[in-house]
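Next come the chains, spelled out residue by residue.
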Amino acid sequence: MFTLTIIAALGCGLMAGVFFAFSAMVMPGLRRATPAEGLAAMRAINIAVVNPAFLLVFLGTGAVSVTAAALGGTTTGWVGAGLYLLGGIVFTAAYHIPRNSALEREGTTEYWARYLREWVPGNHVRAIACLGAALAFTLAAVQLQ
């Protein structure tokens, strides 16, 4: 159980890092580009992110998180699984994917400005939730020692 809990912590930490990198570097960089360039780059990113490596880490961390929480039996493990599933996966599906789809459909520079206003704060939520999940799984691993 200890090893599985550590894997969950690492997966959550990795996803927190991905979301943090978008909030701290990628989106500010795209905001500095012209609206047409930023929009085109984000569309390309949205297509590129749907790949086996990313999906394995993103969804696999969810599966490992639930398994580690269920088999480890610690409250902190369940907190970690909840934070990752709700803040990482569910929030992405409910908040970010619809905005990404609208960006693809609408594709106007006017929508790009709205997209930046809405997408970036939501991404902060994902980064914080995944970081909290990583911390919870780290604490759960300590409890399992």
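Residues numbered from 1 in each chain as written. Predicted model: local features only at pLDDT ≥ 70, side-chain atom pairs only at ≥ 80, totals over all residues. Heavy atoms only, no water.

This brings us to the overall build of the protein. Looking only at helices and strands, one finds five helices and zero strands in the protein. Reading the helices (α) and strands (β) of the protein from amino to carboxyl end gives α-α-α-α-α. When the 145 residues of the protein are sorted by exposure, 39% land in the buried category. Long-range pairs, those at least 24 residues apart, make up 78% of the contacts in the protein between residues at least 6 apart in sequence. By element, 73% of the accessible surface of the protein is carried by carbon and sulfur atoms, the whole surface being about 7,300 Å². (Helix = DSSP H or I, 4+ residues; strand = E, 2+ residues; numbered from the N terminus. Buried < 20%, exposed > 50% of the residue type's maximum accessible area, 1.4 Å probe, protein only. Contact = heavy atoms within 4.5 Å. Areas by Shrake-Rupley, 256 points an atom, 1.4 Å probe, with all protein chains shown as cover.)

Our focus in this paragraph is helix α4 (residues 75-106). Because each turn of an α-helix spans 3.6 residues, side chains separated by three or four positions end up pointing in the same direction. Taking 1.5 Å per residue, 32 residues should reach 46 Å; α4 reaches 44 Å between its end C-alpha atoms and fits that length. For α4, the principal kink sits at T92 and spans about 55°. Positive phi appears at G107, one or two residues downstream of α4, with a value of about 55°. (Expected span 1.5 Å × (residues − 1). Bend = angle between axes of the 7 residues up to and from the residue.)

It is worth spelling out the packing of aromatic side chains at this point. What the rule picks out here adds up to six aromatic pairs. When the ring of F22 is compared with that of W119, the centres are 5.9 Å apart and the planes differ by 55°; the resulting orientation is tilted. Residue F22 is located in helix α1 (residues 2-32), and its partner W119 is located in helix α5 (residues 109-144); the two are separated by 97 residues in the primary sequence. Assigned by exposure class, F22 and W119 land together as buried. Both rings, one in F54 and one in F58, keep their centres 5.5 Å apart while their planes meet at 15°; by these two values the pair is stacked. Within this pair, F54 and its partner F58 are both found in helix α3 (residues 52-72), separated by four residues, close to a single helical turn. Residue F54 is classed as partly exposed on the basis of its relative accessible area of 21%. (Phe/Tyr/Trp six-rings, centres within 6.5 Å; stacked < 30°, edge-to-face > 60°.)

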